[in-house]
Amino acid sequence: MDRAARAGFVARGVIYLLVGLLALQVAFQDTGNQADRGGALRQLSGQPFGAFLLWALGAGLAGMAVWRLSEAWFGASGPGGHKAPTRALSAARSAFYAFVAYSVLRFAAGDGSSGSSDRRSQDVTAQALGLPGGRWIVGVAAAGVVGAGVWIAVRAARRTYHEDLRWGAMTRNARRLVDGTGVPGGIARGVVFATAGVFAFQAARDFDPDEAKGMDDTLRTFADSPAGPWLLAAIALGLALFGAFSFAVARWRRT
């Protein structure tokens, strides 16, 4: 489980690092690449040994899903790790990473269905809106995404991740590296989540699935703000830093 967790954090770091770099390209020179997981996978597949890297990435994310599942079943490390809310959160994370691992492995197998996160978000929203009480379902889900984004950003700003790391085993420079990547990286990640949730809420309010946005369209909206491409560049840099933070977590996380 320890190795599975660390492999998962490395895989997560690769994806966020690539998404951040793609978003930087969109900010100043839109090359038509998607700044989301699908775009990251296509970039990775074009590299030497791309197929091997994709399979390794999928295996790492699957390891993360299994580790989170073990936390849900046996309890997580640290204080409160055996409490029901902590286990429920681990179960939700396991399901999320299992889905991501599945999509990556399908892409590695040549399915190519990773597609646009924007199209997937709109399709899922349309299906949910078509259910009885669909507006409420999408609205509650959107509120959950906004809440998750705020929670992620606040935890990063408060450096709560210190509780999960072997802080005493780290050098002063290592601690500076972790905080220098974890704080801005986590805040940027939280902002993206919360913004995507706001768009989902608008889709529920207006009963229009086209207003839902995936990561690519969410990131592009930052470039349309009064700050222009510089805001998108700041968010993109933050996502890349979160990727680097994930590599540090793979090294010093208590599992």
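Residues numbered from 1 in each chain as written. Predicted model: local features only at pLDDT ≥ 70, side-chain atom pairs only at ≥ 80, totals over all residues. Heavy atoms only, no water.

Enquirer: If you had to explain the side chain of Asp179 to someone new, which residues and values would you point to?
Expert: Tracing the backbone through its elements, the reader meets Asp179 in helix H7 (residues 172-206). Reaching out from Asp179, the side chain makes a polar contact with the side chain of His162 at a distance of 2.8 Å. Those residues within four positions of Asp179 in sequence are excluded, and the remaining contacts are Arg159, Tyr161, His162, Trp167 and Pro184. (Helix = DSSP H or I, 4+ residues; strand = E, 2+ residues; numbered from the N terminus. Polar contact = N/O pair within 3.5 Å; in protein donor to acceptor, adjacent residues only side chain to side chain. Contact = heavy atoms within 4.5 Å.)

Enquirer: Could you give an account of the packing of aromatic side chains, with specific residues and numbers?
Expert: The tally for this structure, following the rule as stated, stands at six aromatic pairs. With a centroid separation of 5.7 Å and 65° between ring planes, the pair formed by Phe9 and Trp67 is classed as edge-to-face. Taken together, the residues Phe9 in helix H1 (residues 2-28) and Trp67 in helix H3 (residues 50-74) connect sequence positions 58 residues apart. Neither Phe9 nor Trp67 differs from the other in exposure class; each is buried. In this structure, Lys213 packs its charged tip against the face of Phe199, placed 5.1 Å from the ring centre. (Phe/Tyr/Trp six-rings, centres within 6.5 Å; stacked < 30°, edge-to-face > 60°. Buried < 20%, exposed > 50% of the residue type's maximum accessible area, 1.4 Å probe, protein only. Lys NZ or Arg CZ within 6 Å of the ring centre and 35° of its normal.)

Enquirer: Mind laying out helix H8 (residues 215-223), listing which residues take part and the relevant values?
Expert: Listed in full, the buried residues belonging to H8 are Asp216, Thr218, Leu219 and Phe222. Projected onto a plane normal to the axis of H8, the buried residues spread over an arc of 170° and lie on a single side. (Arc of directions from axis to C-beta.)

Enquirer: So what about the side chain of Thr218? Which residues, and what values?
Expert: Residue placement: Thr218 occurs in helix H8. Residue Thr218 is classed as buried on the basis of its relative accessible area of 0%. In contact with Thr218, not counting residues within four places along its chain, are Val192, Thr195, Ala196, Phe199 and Lys213.

Enquirer: Account for the pattern of salt bridges, naming residues and giving values.
Expert: Between side chains of opposite charge, a pair can form when the charged atoms approach closely. Enumeration over the complete set of coordinates arrives at six salt bridges. A salt bridge links Arg6 to Asp2; the nearest nitrogen and oxygen atoms lie 2.9 Å apart. Residue Arg6 and its partner Asp2 are located together in helix H1, separated by four residues, close to a single helical turn. You can call Asp2 partly exposed: its relative accessible area is 34%. Residue Asp179 is joined to Arg159 by a salt bridge in which the shortest nitrogen-to-oxygen separation is 3.6 Å. Of this pair, Asp179 sits in helix H7 while Arg159 sits in the loop between helix H6 (134-157) and H7, and the two are 20 residues apart along the sequence. For Arg159, a relative accessible area of 37% puts it in the partly exposed group. (Salt bridge = Lys/Arg side-chain N within 4 Å of Asp/Glu carboxyl O.)

Enquirer: So what's going on with the packing of H6 against H7? Residues and values would help.
Expert: Relative to each other, H6 and H7 sit at 165°, their axes nearing to 7 Å. With respect to H7, the element H6 is oriented roughly antiparallel. You can see that H6 and H7 cross each other, and the crossing is left-handed. Taken together, the residues of the contact of H6 with H7 sort by class into 16 nonpolar, six polar and four charged. (Axes fitted to C-alpha atoms, helices over the stretch in contact; angles between N-to-C directions. Parallel < 35°, antiparallel > 145°, perpendicular 65-115°, else oblique. Left-handed = near helix turned anticlockwise from the far one by under 90°. Nonpolar A, V, L, I, M, F, W, Y, C, P; charged D, E, K, R; others polar.)

Enquirer: Give a description of the nonpolar core that names residues and reports values.
Expert: Core analysis: the biggest nonpolar cluster contains 46 residues, and Leu57, Leu61, Val178, Leu219, Leu232, Leu239 and Trp252 have the highest contact counts within it. Top contributing element to this core by residue count: helix H9 (residues 229-252), with 11 residues. Beyond its immediate chain neighbours, meaning those up to four positions away, Leu219 contacts Val19, Ala23, Ala35, Val192, Leu232, Ile235 and Leu239. (Core = buried A, V, L, I, M, F, W, Y, C linked by side-chain atoms within 4.5 Å.)

Enquirer: Tell me about unusual backbone geometry, residues and numbers included.
Expert: Peptide bonds are trans in most cases, and residues, glycine excluded, mostly fall at negative phi. Positive phi, normally seen in glycine, also occurs at Phe49, with a value near 60°. Its location among the elements puts Phe49 in the loop between helix H2 (37-45) and H3. Positive phi, close to 55°, is recorded for Phe207, a residue that is not glycine. On the secondary structure map, Phe207 appears in the loop between H7 and H8. Look at Phe207 and you get partly exposed, because its relative accessible area is 44%.

Enquirer: So what's going on with the environment of Pro79? Residues and values would help.
Expert: One can find Pro79 in the loop between H3 and helix H4 (84-108). Along the sequence, Pro79 and Glu163 sit 84 residues apart, while their C-alpha atoms lie 9.2 Å from each other.

Enquirer: Describe the packing of H7 against H9, and please don't skip the residues or the numbers.
Expert: At a closest axis distance of 7 Å, the pairing of H7 and H9 adopts a crossing angle of 130°. As summarised for this structure, H7 and H9 are arranged oblique, according to the angle between their axes. Handedness of the crossing formed by H7 with H9: left-handed. On H9, the residues that touch Ala174, Val178, Gly180, Thr181, Gly182, Pro184, Gly185, Gly186, Ala188, Arg189, Val191 and Val192 of H7 are Ile235, Gly238, Leu239, Leu241, Phe242, Ala244, Phe245, Ala248 and Trp252. The residue inventory of the contact of H7 with H9, partitioned by class, reads 14 nonpolar, six polar and one charged.

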